[in-house]
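Tertiary structure, described
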Amino acid sequence: MTGQFTRTEYLQLKKHLNELAYNYYVLDEPQIADAEYDQLYQRLLRIEQQQPDWVSPDSPSQRVADQPLSKFQQVKHAMPMLSLGNVFSADELVDFVERIGHLLLKSEQSYNDIEFSAEPKLDGLAVSLRYEKGHLVQAATRGDGAAGEDITANIKTIASIPLVLRGENHPDVFEVRGEVVMPRDGFKKYNQWALANEEKAFANPRNAAAGSLRQLDPRKTAQRPLAFYAYSVGVVEPDHDISSHSEVLDWVKSLGLPVNQLNRVVDGAAGCAEFYQLVGGLRPTLNFDIDGVVYKVNNLAWQEILGFVTKAPRWATAHKFPAEEATTVVEKIDVQVGRTGSITPVARLKAVDVGGVTVTNATLHNEDEVKRKDVRVGDTVFVRRAGDVIPEVVKVVESKRPPNTSTFQMPSNCPVCETKLVRVEGEAVLRCSAGLSCDAQLKEGIKHFASRKGMDIEGLGDKLVDQLVDAGLVKTPADLYNLSESQVAGLERMAQKSAQNLLTGIKVSKETTLARFVYSLGIREVGEATSLTLAEQLKTLDAIMQADDEVLQNLPDIGVVVAKKINSYFAEVNNQEVINQLLSVGINWPEIETADEESLLLQNKVVVLTGKLSIFTRADAKSKLQKLGAKVTSSVSNKTDYVLAGENAGSKLTKAQDLNIPVVNESWLQNLIVAES
Ligand code: IVH
């Protein structure tokens, strides 16, 4: 007993915190808000300060050691860490599956279709974690497969890796293997931070993960956003009696370790091929890099029959995706002026195939990036095309730099309108502040205005916009509506017929919708979805123009930053002027019915989301619910009207049942969306 806390209370709090982490990281189902977690954690720290002898190694406070290591110790793996063979095509995949089939038949195993555990091949660093009596005692890198380095102190800083296994029933010795990765969002943020703080930025998330684990000071590793996914087990004592790999992974998950959610059990070569396509399609949208998929014979008895060739199993193979990186030569560096005046240096490259796409341009982002990477004309560079981002120059191969190159200098004036460039404090980009009086911004602005998601002007392509601006015929978007046939027909390569078509396209575009109109204005940070929200929620242009920060921030998906951008756009006299001109040339849209508020299907209903959703992402479900009039809150109480529960829903579901609150699923939401539209 202490003045305030009992030992039991402390142990319960510690257990509760570990359980919250499991729900958050492994089940992807947060139970409480981050701030609430922090409060509980602070409380734990206070108790530990008063009672230092209560602190045990499984306390979340013990994740970060406060001493750097002088070097990493070598660790011999109790069971070697293997590598994988590869297949590179659908044909090779069929060969791989047939070969396994033959071997199984030779061993008198009968089967219809061979089941595989199909998994993404995560592009990070392989590690092996060893738990003894449920406690994490050692973590090692793969090294050469036989021995690696002891990185226990660093691994402990990864919040999703449990320091103690869950439950009572764990083996005496439990080794689990998996991949440490740096998620793409964390990688981006980390690099931004590194640049601002004169630290080393990393070329890609894999290097970032590897570099972070190789830190001798765990306090540094603790600041890196790392994640872990388990994909197999090593030594387990006493041995388990599970018969398939997928069940092993389920077990691993139940012991508290994260397992990738894309893993599936599939049948035969066709099932594997389908998985390859599926995951390949998802690749750009994932928050972690993958370089392929892995197929593993699911039946563990068969794995044993199939055995190994030198260092790789016969029962598994990797199926690689096209590489996302390639090297090529920089032929020229240009700067581009964007729609909002941002100045972007762009490397013009000798054409190269990157992941199946020919790349000739790659962004160098901004002034700081060019300086940091010191990219010069003539350099051989790594180009990367990851996710759905535009290709970027990652790194110079310095050993290949030709003699007599010079560093690249950003211009001090706009390359198009000569206005002196400015750099707003806190921003990395240089900007031309001339707005529509800069021809480059005018051109980009008009292209955006006329684009398919905007005013959708048929027949007004990019080249034509350039010509119209260059000829001085269009100085604001409104000028489009005053063009005459003879003006247009006078342009190069413009026949009378196409001039007529363009004018018709322009005229037709006058009949639009409020959402399209708002989008076409090109307000920073306001894309298609935000424009639609503004139109649907505020109903009139006047209301949108007059909405203050508070009104805007209360709309679904609009936060502080976007609200500010909207407000400052409409506060500009020049912008008001352009809007007036557009309205006076006759642009119009059907009035949006100010529907009786009560008619929204979930008007004023309070909904709580829980569990793993499969149709919607959480953010998506939340915004759909809000659009139906609902308030989405995070905890279940007797004020809650519905609990929308996905897979593996936990305490919130139980609470809803206790309180007799209707529990609904994602199809319920889908039906409401259909009914409302
Ligand atoms: S299984 C006996 N599964 O790929 C099989 N490996 O080339 C051992 N990797 O060093 C590996 N995702 O770092 C396996 N789902 C996955 C994987 C995976 C990534 C990496 C791992 C390993 C390398 C093998």
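Presented here is a report on the structure given in the accompanying data block. (Residues numbered from 1 in each chain as written. Predicted model: local features only at pLDDT ≥ 70, side-chain atom pairs only at ≥ 80, totals over all residues. Heavy atoms only, no water.)

Here we look at the overall build of the chain
When its secondary structure is counted, the chain shows 24 helices and 24 strands. On the principal axes, the C-alpha backbone points of the chain span a range of 85 × 70 × 60 Å. Relative to its 677 residues, the chain shows a buried fraction of 46%. Put simply, of all contacts in the chain between residues at least 6 apart along the chain, 67% involve residues at least 24 apart. Carbon and sulfur atoms make up 48% of the accessible area of the chain, which totals about 34,500 Å². Here the chain carries 74 positive and 90 negative side-chain charges, and the mean point of each set is 4 Å from the other. (Helix = DSSP H or I, 4+ residues; strand = E, 2+ residues; numbered from the N terminus. Buried < 20%, exposed > 50% of the residue type's maximum accessible area, 1.4 Å probe, protein only. Contact = heavy atoms within 4.5 Å. Areas by Shrake-Rupley, 256 points an atom, 1.4 Å probe, with all protein chains shown as cover. Lys, Arg positive; Asp, Glu negative; His and termini not counted. Charge placed at Lys NZ, Arg CZ, Asp CG, Glu CD.)

Section: the sheet that holds strand E4 (residues 125–132)
Pairing in this open sheet of 4 strands is antiparallel, and the strands run E5-E4-E7-E8 from one edge to the other. The two strands at the open ends of the sheet, each matched to only one other strand, are strand E5 (135–141) and strand E8 (227–237). Neighbour-to-neighbour, the strand axes of the sheet open up by a mean angle of 25 degrees, direction not taken into account. As judged from the 8 bridges shared by E4 and strand E7 (residues 173–181), these two strands associate in the antiparallel manner. Among the inter-strand pairings, Tyr 131 is bridged to a residue of E7, identified as Phe 174. Relative to E8, helix H8 (residues 245–254) is tilted by about 105 degrees, and along the sheet it contacts E7 and E8. (Pairing = 2+ DSSP bridges. Axes fitted to C-alpha atoms, helices over the stretch in contact; angles between N-to-C directions.)

Remarks on helix H13 (residues 462–470)
Taken together, the buried positions of H13 are Leu 464, Val 465, Leu 468 and Val 469. Buried residues of H13, viewed axially, fall in a sector of 135 degrees; they line one side. In this structure, H13 carries Lys 463 and Asp 470 as exposed residues pointing more than 90 degrees from its buried face. Structurally, H13 contributes buried residues whose contacts are with helix H12 (439–450) and helix H15 (496–508). Backbone geometry just after H13 places Gly 472 at a positive phi near 75 degrees. (Arc of directions from axis to C-beta.)

Details of the environment of Ala 535
Structurally, Ala 535 can be placed in helix H17 (residues 528–538). Sequence-wise, Ala 535 and Leu 514 are 21 residues apart; in three dimensions their C-alpha atoms are separated by 5.9 Å. Discounting chain neighbours no more than four positions away, the residues touching Ala 535 are Leu 514, Ala 515, Ile 544 and Ile 592.

Here we look at the site of the ligand
Close to the ligand lie 14 residues, the nearest being Glu 119, Leu 122, Glu 179, Tyr 231 and Lys 296. Measuring from a nitrogen atom of the ligand, one finds a backbone N or O atom of Pro 120 at 3.3 Å. Here Leu 122 contributes a backbone N or O atom positioned 3.1 Å from a nitrogen atom of the ligand. Taken by itself the ligand offers 530 Å² of open surface, and the protein chains cover 87% of this. When residues of the shell around the ligand are traced back to their parent elements, those giving at least two are strand E3 (115–122) and strand E10 (290–297). If you tally residues by element for the shell around the ligand, the top one is E3, at 4 residues. Residues that form the shell around the ligand fall into these classes: 9 nonpolar, no polar and 5 charged. (Near = heavy atom within 4 Å. Polar contact = N/O pair within 3.5 Å; in protein donor to acceptor, adjacent residues only side chain to side chain. Nonpolar A, V, L, I, M, F, W, Y, C, P; charged D, E, K, R; others polar.)

Focus on the environment of Gly 505
Take Gly 505: it is sitting in helix H15. Along the primary structure Gly 505 and Ile 457 are separated by 48 residues, whereas in three dimensions their C-alpha atoms are 5.4 Å apart.

A few points about the pattern of salt bridges
A pair can form between side chains of opposite charge whenever their charged atoms are brought close. Tallied over the full model, the rule gives 30 salt bridges. One salt bridge connects Glu 367 with Lys 371, and the closest N-O pair in it is separated by 3.8 Å. On the criterion of helical spacing, the pair formed by Glu 367 and Lys 371 is a turn pair, its members being 4 residues apart in helix H11 (residues 367–373). Here Glu 492 makes a salt bridge to Arg 493, at a shortest N to O gap of 3.8 Å. In this pair, the class of Glu 492 matches that of Arg 493, namely exposed. What emerges from the salt-bridge pattern is a single network uniting Arg 130, Glu 132, Glu 175 and Arg 177. (Salt bridge = Lys/Arg side-chain N within 4 Å of Asp/Glu carboxyl O.)

Considerations on the sheet that holds strand E2 (residues 85–87)
Across the sheet, which stays open at both edges, the 5 strands sit in the order E2-E13-E10-E3-E9 with mixed pairing between neighbours. Pairing within the sheet leaves two strands with one partner each, and these edge strands are E2 and strand E9 (264–267). The average angle at which neighbouring strand axes cross in this sheet is 35 degrees, direction not considered. Note: E2 against strand E13 (residues 316–320), 3 bridges, orientation parallel. Considered in E13, the bridge of Val 87 is made with His 319. Packing of helix H3 (residues 90–106) onto the sheet brings it into contact with E2, E3, E10 and E13, and relative to E2 it is tilted by some 125 degrees. Sitting on the sheet, H8 is in contact with E3, E9 and E10, with an inclination near 55 degrees to E3.

Comments concerning the pairing of strand E14 (residues 325–337)
Strand direction decides the pairing type here: E14 and strand E17 (residues 380–384), joined by 5 bridges, are antiparallel. Each bridged residue has a counterpart across the sheet, and for Thr 328 the counterpart in E17 is Val 381. Across 7 bridges, the pairing between E14 and strand E15 (residues 342–354) is antiparallel. Looking at the pairing, Val 337 lines up with Ile 343 of E15.

Structural notes on the side chain of Ser 128
Inspection of the secondary structure puts Ser 128 in strand E4. Here Arg 177 takes part through its side chain, which lies 3.1 Å from a polar atom of the side chain of Ser 128. Residues within four places of Ser 128 in sequence aside, it is in contact with His 77, Met 81, Gln 138, Ala 139, Ala 140, Glu 175, Val 176 and Arg 177.

Some thoughts on unusual backbone geometry
Residue Glu 237 is joined to Pro 238 through a cis peptide bond whose omega torsion reads -10 degrees. Its identity as a non-glycine residue notwithstanding, His 365 has a phi of 65 degrees, on the positive side. For His 365, the position within the fold is in the loop between strand E16 (357–363) and H11. Phi is positive for Asn 660, close to 60 degrees, though the residue is something other than glycine. Tracing the backbone shows Asn 660 in the loop between helix H23 (651–658) and strand E24 (663–664).

These values are about where atoms sit, not about what they do.
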